[in-house]
There are 4 protein chains.
Amino acid sequence: MMKNRTGIWIVGAWGGVATTVTVGWLATMKKVVPAWGLTTELPEFSGYEMPDWSDFHFGGCEVRASSLAQSAEELVEQKALDAEIFQAVASSLPSLDAEIVPGILSRSGKVVEEMADWANDGGQTAREKVAAMQDAMRAFVKRNQLEHLIVVNLMSTEPASPLNSEQEAWTCWEALDQTLDSPECPLPASSLYAVAALQLGYDYINFTPSLGATPPALEDLAVANHARMMGNDGKTGETLMKSVLAPLFAHRHLQVMSWVGHNIFGNRDGVVLDDPRNKATKVASKSHLLTQILGYAPQTLVSIEYIQSLGDWKTAWDHIHFRGFLGTPMTLQFTWQGCDSLLAAPLVLDMIRLTEWARRRQFIGKMDFLACFFKSPIRVEEQGFVRQFEMLEAWIHAK
Amino acid sequence: MMKNRTGIWIVGAWGGVATTVTVGWLATMKKVVPAWGLTTELPEFSGYEMPDWSDFHFGGCEVRASSLAQSAEELVEQKALDAEIFQAVASSLPSLDAEIVPGILSRSGKVVEEMADWANDGGQTAREKVAAMQDAMRAFVKRNQLEHLIVVNLMSTEPASPLNSEQEAWTCWEALDQTLDSPECPLPASSLYAVAALQLGYDYINFTPSLGATPPALEDLAVANHARMMGNDGKTGETLMKSVLAPLFAHRHLQVMSWVGHNIFGNRDGVVLDDPRNKATKVASKSHLLTQILGYAPQTLVSIEYIQSLGDWKTAWDHIHFRGFLGTPMTLQFTWQGCDSLLAAPLVLDMIRLTEWARRRQFIGKMDFLACFFKSPIRVEEQGFVRQFEMLEAWIHAK
Amino acid sequence: MMKNRTGIWIVGAWGGVATTVTVGWLATMKKVVPAWGLTTELPEFSGYEMPDWSDFHFGGCEVRASSLAQSAEELVEQKALDAEIFQAVASSLPSLDAEIVPGILSRSGKVVEEMADWANDGGQTAREKVAAMQDAMRAFVKRNQLEHLIVVNLMSTEPASPLNSEQEAWTCWEALDQTLDSPECPLPASSLYAVAALQLGYDYINFTPSLGATPPALEDLAVANHARMMGNDGKTGETLMKSVLAPLFAHRHLQVMSWVGHNIFGNRDGVVLDDPRNKATKVASKSHLLTQILGYAPQTLVSIEYIQSLGDWKTAWDHIHFRGFLGTPMTLQFTWQGCDSLLAAPLVLDMIRLTEWARRRQFIGKMDFLACFFKSPIRVEEQGFVRQFEMLEAWIHAK
Amino acid sequence: MMKNRTGIWIVGAWGGVATTVTVGWLATMKKVVPAWGLTTELPEFSGYEMPDWSDFHFGGCEVRASSLAQSAEELVEQKALDAEIFQAVASSLPSLDAEIVPGILSRSGKVVEEMADWANDGGQTAREKVAAMQDAMRAFVKRNQLEHLIVVNLMSTEPASPLNSEQEAWTCWEALDQTLDSPECPLPASSLYAVAALQLGYDYINFTPSLGATPPALEDLAVANHARMMGNDGKTGETLMKSVLAPLFAHRHLQVMSWVGHNIFGNRDGVVLDDPRNKATKVASKSHLLTQILGYAPQTLVSIEYIQSLGDWKTAWDHIHFRGFLGTPMTLQFTWQGCDSLLAAPLVLDMIRLTEWARRRQFIGKMDFLACFFKSPIRVEEQGFVRQFEMLEAWIHAK
């Protein structure tokens, strides 16, 4: 086992975000790109003994046969990823492909199941699926002499799980554990990965709005195994803007009458979100924060639509109708044109680094200090972006 | 003298913002409008013994003959001010007009001087102008049995003053005092009002980008006379947006390559700003904060143009060109359509209330806790809106 | 009977558009407003003997009890209609209310049926409903000594009718006539009004996307009775923009890859369109023209959403993704902020005037020269706005 | 001399537009790109015997030493030109570079003169400069056995010329000819190229707002020599949009109160336009058409600003403030994000083809049928885009 050498287990390892994470990690180590976009590379945070980028080793799983090069080429085609950066790291990709194994399916939704041509058939019950995944994780750790593993969920969004906070299994790990043997186990794949990781003392980060490690029962499991966890749903575009702009209206005491947001994009996530069941999970994650920041619920509308020609370019138009002193209605509109994968990837890298650093600093449990990276930080009340960032600053600068 | 009864001396008392302040103050006291738009009416700040709105009495001065009703009708015509609100308070306006006296001119710029048909001719030297204004202020205080006076500068923007930080008069009151007798006194009217107020122990707030009480010599004068002062330039629209959005780019380590802002509007301030000398003062106030928040200077462009048909509706289009991880350029654009006067007026009322409250809490000197209301808070480093608001929260909740 | 005196029978006479038509007609005759917005008042068309505005007399029917004053006040409240214009004509409204009788319902959709508290119960079969309406029309004509009647449908959008071009009744009036006695008569109210009008030799204009006089059988009925007809769906905002912009892409041979249009508004039409069955009719009317102008079908998306705070202010955001020479994708976005009723009303007045003029010029049948006023001009191929306008110019300037 | 083989003499042959024209011409002949963007490749125009793309041979002149490959690489870097298209034609570029000779300077403006490191010093007087250029043109024609030559001006915009319509030389070629010997000859380089071409019976197209062949004296010169000429200023972006949208407002009788257009971009043309003298020429060309289409002059504002990070991506924001029936102000805004060179290049290719076709059809003189390609078509009244396009259709379909 090598000291300070930690594995990264990407769930959905050939997807657009995962490919950008992997290419970007290689390019950062090779110093062919500057540090822009990485929060942990801010001048403010220099001078701390954070993990080096070279302390990590990448592997993971997928349910759709592909390769890092093929995914990267799609991103180049869509004018998201720069062709020269891809070329600079292309020779390193095949050996990373070799570390990617078939993933598991469970309540993943019809669209994903139809796409899945490479899933692991090794188990019938949820418990068997978890066990098979743990075998794969342990083999990766052993083969590469790793000290630790961080599991990052980058799969497409799942439909809502039937598990909810009314049920005992929501808060009690023993009750949740028993469902693993049931043919009606309510846990989707994102949560089975969480169980697999946390039981082994590995860390788990959910970058999607899927259930993942949301139930308090899984936070308890993490603490019991001295592991770390956090989620949900990386905050990269329109929702990031909401968490930046809503405090303006709140602090100026301006009444938001309605907030309409239309999102269009054309990557594979878009195909999955075209299924209304998967989309409902995503919209819920994008909507709640306005009420939390404003203290009341304006009329809201969030649409997410698949427009093929846009590829990875996610375009959002938001129309905010508000009024303040003396009541005359006014309007703020914004248009955000960003590459989804390029905005998401550095957040994943930052969180990998901060999670590993948290381990070295003996932090255990739910990492609230990562709230600024998430649309729906698990059981964190603060939704304003700047105040969430101050939580991160406080944690980094502490002791 | 009545206990807790404080005069408000509006400089530019028949302008659009001043009229909205006055109408809005009356409407708020009569409870014909809800509290939206007023920061000091936020639920978070309830439970504190802030001054009542009825503790204030309005007067002031002007250089352009008009009346509150006439100015209010212009705002109704421009679909900024609601006709019913105006009607609800119209009968109270003539008695307030009677408290408005001719103002002074000094380095006010060609456009303002041409508009000025009602200026005070009582003095030739700056010292004589100050003395005449002090006579008017004292008469207002005495006539209305007021305990105190707060002077608020709402005049149009002045051209840049020749006074600068290289000169002794910048930091030393005694040196600055001597210039008052010189025919080349560098102080513009906005600063003469500050001198007039602070010498008498009255408070001074500069809601414009003009020089006002900016020189440290005037902060010293305030402290010596147990008075309070702050400025500069109310933060109401595009610059407010900049101070909200720039922290997003800073904290996400996104590189802002260029930030272009075009402002169009058609009220009287627009006429004054069409003179390049006056406009230069305004643009400087709108530009500096990006560099302070980002830590580097992106290419910026700020235009302010007079488009008559817009009246009081200030429309801003901003185009932010940025890149982050792996360098692909992305774009954020926003369009802000707001009524200038309606956005500015509640800030003036909030600051009047907070300044009076500061007096009752024995605060003396420069009121940094008001930073969130200003484009260029005097000698305050923090330019991010949320962190500036936290400064206000801390002050209110302190002790 | 008075020479050159023609009745206008508004279906949906207390709706927002109808109220604006009525108020605007009165204001135009009283000359309290300039002629802006009226195509027939263009300098280019002066010098022709068009009907005078005073040649018309207004009446009609409604299914929802209200009054012109009440509807006008709502529009003033929403900052659409100017309060002074309303005041200038308010005294004339009650006598016009007295000419409005209960309307009929038929396949009008659940939302409209629930709103309808004033419908005519005089008939069970479609034929009886038509007869009852004809009685009301004739009584209006007789009472006011009118020479002729023009029926204008301004009701909310109906769900799609089961009648289609595969059926004999689509093209053959005799076959369609027979359905009027059937309990399953496929005709919605909009078409029953058309039958009622055309049988009596009265003219019929359908300003909505409902079926109206679309079937060729009804064009034949019009010709047989020397009447005039046209529709469908007034072209006022986003679709007007499409018919103006699409020729740019067509003539420059630019490939439109996708055209996304999001519409938000908060008037009563919005409530009706929130029912997916009614909305489907509207979306179909807004989508077809791109394919006709471009010659191929780009990916399109049209959303129409009810956002209460907007009232009559319809806001559209369109995102057009295109590429041309050498293939690099480019973008055109537009935001349209207009008052729905104020944009629609002058088109209704123009068409009333042109229809009456057509009668005086002995024109009979389908009025293709009105194509520029419609989203879906019946059986007119040309969809480009300028070329449609040239059709109107040619007709006006002809002999 | 080869039959039907015509030379193209590009003035400014290493600029962004010229490079895109050249690369695009090669790529079109090699069929590595589809025909999108080329008007003459519209299905509507198929079936006519237009010149083949292979009938042309490219040469020209420049005042700034560079190469086609270097310019193309800059466009690839700016994400305007596709890297693969450049690669597909790169091997053909050096032989085309060899046909480019040093250009002439005359009243070209300070910025261009400072950039010019490769200008032709062969003449002192304007007449000598013309003669030198004619020598170069004839040598190119002879060397390549060409039947004819078309000169296309793609230089950066010049400052306004002192020549104007009050002077005899404006309309009389003999008077203009005499100025060529004067040290104060008022003609800028763009016009000297026109003189050089037209005297030899060669055609001249001015794609810039510079003076070029604007004076009627030069139209007469063209006719006298059986040549063809047209200009000015290719209509590619914001002004194209104006000529498409203004007819909407005109035909609907909507009153445009103000039309504000802000343009930002970062290519070399932007550097030149940062000089106010050059910019004035451009702004004039972008402003006039609204008044011509609307019939009255709304308040307008056009800004053009150099923002380096945008490269060839010209972004325009337009804000149109209008009102119609009953007077309530409404707003249309658009944002245009396009690659300047890619939008301009196909227009140049189309006009080359149409000009050569006009020659084969024995057309002589000013080519009004090209009006739809120009911001300021010389002495053509019609400014609406669709009607200009109809002029082209009529010419093509004629006989």
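Calculation notes
- Residues numbered from 1 in each chain as written.
- Chains lettered and ligands numbered in written order.
- Predicted model: local features only at pLDDT ≥ 70, side-chain atom pairs only at ≥ 80, totals over all residues.
- Heavy atoms only, no water.
- Helix = DSSP H or I, 4+ residues; strand = E, 2+ residues; numbered from the N terminus.
- Expected span 1.5 Å × (residues − 1).
- Buried < 20%, exposed > 50% of the residue type's maximum accessible area, 1.4 Å probe, protein only.
- Least-squares fit on C-alpha atoms with pLDDT ≥ 70 in both.
- Contact = heavy atoms within 4.5 Å.
- Axes fitted to C-alpha atoms, helices over the stretch in contact; angles between N-to-C directions.
- Parallel < 35°, antiparallel > 145°, perpendicular 65-115°, else oblique.
- Left-handed = near helix turned anticlockwise from the far one by under 90°.
- Nonpolar A, V, L, I, M, F, W, Y, C, P; charged D, E, K, R; others polar.
- Buried area = accessible area lost by both parts, 1.4 Å probe.
- Salt bridge = Lys/Arg side-chain N within 4 Å of Asp/Glu carboxyl O.
- Polar contact = N/O pair within 3.5 Å; in protein donor to acceptor, adjacent residues only side chain to side chain.
- Pairing = 2+ DSSP bridges.
- Right-handed = clockwise from strand over helix to strand, strands pointing away.

Novice: Tell me about helix α14 (residues 340–360) of chain B, and name the residues and values.
Specialist: Residue and element names in this part refer to chain B. An ideal rise of 1.5 Å per residue puts 30 Å on 21 residues; α14 measures up with 31 Å between its terminal C-alpha atoms. By the criterion of burial, α14 is predominantly enclosed, with 20 of the 21 residues buried. Count one or two residues on from α14 and you reach Gln362, which has phi positive near 65 degrees.

Novice: Mind laying out the relation of the copies chain D and chain C, listing which residues take part and the relevant values?
Specialist: In screw terms, the move from chain D to chain C is a rotation of 180 degrees and a rise of 0.0 Å along the axis, fitting with an RMSD of 0.0 Å. Such values leave the two copies arranged in the relation of a two-fold axis. Nearest to the rotation axis, the C-alpha of Phe334(D) is located 2.0 Å from it, this being the minimum over chain D. Take the interface residues of chain D: 100% of them recur as interface residues in chain C, which is what a same-surface contact looks like.

Novice: Outline the packing of helix α9 (residues 189–199) of chain D against helix α10 (residues 216–224) of chain D, listing residues and values.
Specialist: Residues and elements named next belong to chain D. Two elements in contact, α9 and α10, have axes whose closest approach is 9 Å; the angle formed by their N-to-C orientations is 20 degrees. By the angle between their axes, α9 is roughly parallel relative to α10. Of the two possible hands of crossing, α9 and α10 adopt the one that is left-handed. Residues Ala194, Val195, Leu198 and Gln199 of α9 form the contact with α10, whose own contacting residues are Leu218, Leu221 and Ala222. Class assignment of the residues belonging to the contact of α9 with α10 gives a composition of six nonpolar, one polar and no charged.

Novice: Quick rundown of the environment of Phe325(D)? Include the residues and the values.
Specialist: Mapped onto the secondary structure, Phe325(D) falls in the loop between β9 (313–323) and β10 (329–339). In contact with Phe325(D), other than residues within four places in its own chain, are Thr20(C), Gly24(C), Trp25(C), Thr28(C), Trp36(C), Gly37(C), Leu38(C), Leu342(C), Ala345(C), Pro346(C) and Leu349(C).

Novice: Would you mind going over the interface of chain D and chain C in detail, with residue names and values included?
Specialist: Every contact between the two is made by 63 residues of chain D and, on the other side, 63 residues of chain C. Surface buried jointly by chain D and chain C totals about 5,400 Å² across both partners, of which 68% is contributed by carbon and sulfur atoms. By the criterion of area lost to chain C, the three top residues of chain D are Trp36(D), Arg252(D) and Phe325(D), representing 19% of everything that side buries. Summed over the shared surface of chain D and chain C, the result is four salt bridges. Across the pair Arg387(D) and Glu393(C) runs a salt bridge whose closest N-O atoms are separated by 3.0 Å. Counting the contacts that link chain D with chain C gives 22 residue pairs in polar contact (both at pLDDT 80 or more).

Novice: Please set out the relation of the copies chain B and chain A residue by residue, giving values where relevant.
Specialist: Of the two same-sequence chains, chain B is brought onto chain A (RMSD 0.0 Å, axial shift 0.0 Å) by a rotation of 180 degrees. Both copies contact each other with a shared surface, as 100% of the interface residues of chain B are interface residues in chain A too.

Novice: An account of the pairing of strand β5 (residues 203–206) of chain B is needed here, citing residue identities and associated values.
Specialist: Residues and elements named next belong to chain B. Where burial is concerned, the two faces of β5 agree: the one with Asp203 and Ile205 and the one with Tyr204 and Asn206 are both buried. Pairing between strand β4 (residues 148–153) and β5: four bridges, direction parallel. By the bridge assignment, Val152 is partnered in β5 with Ile205. As paired strands, β5 and strand β6 (residues 228–231) are joined by three bridges and run parallel to one another. Bridge pairing links Tyr204 to Met229 in β6. Of the crossover connections in this fold, the one passing from β5 over helix α10 (residues 216–224) to the parallel β6 is right-handed.

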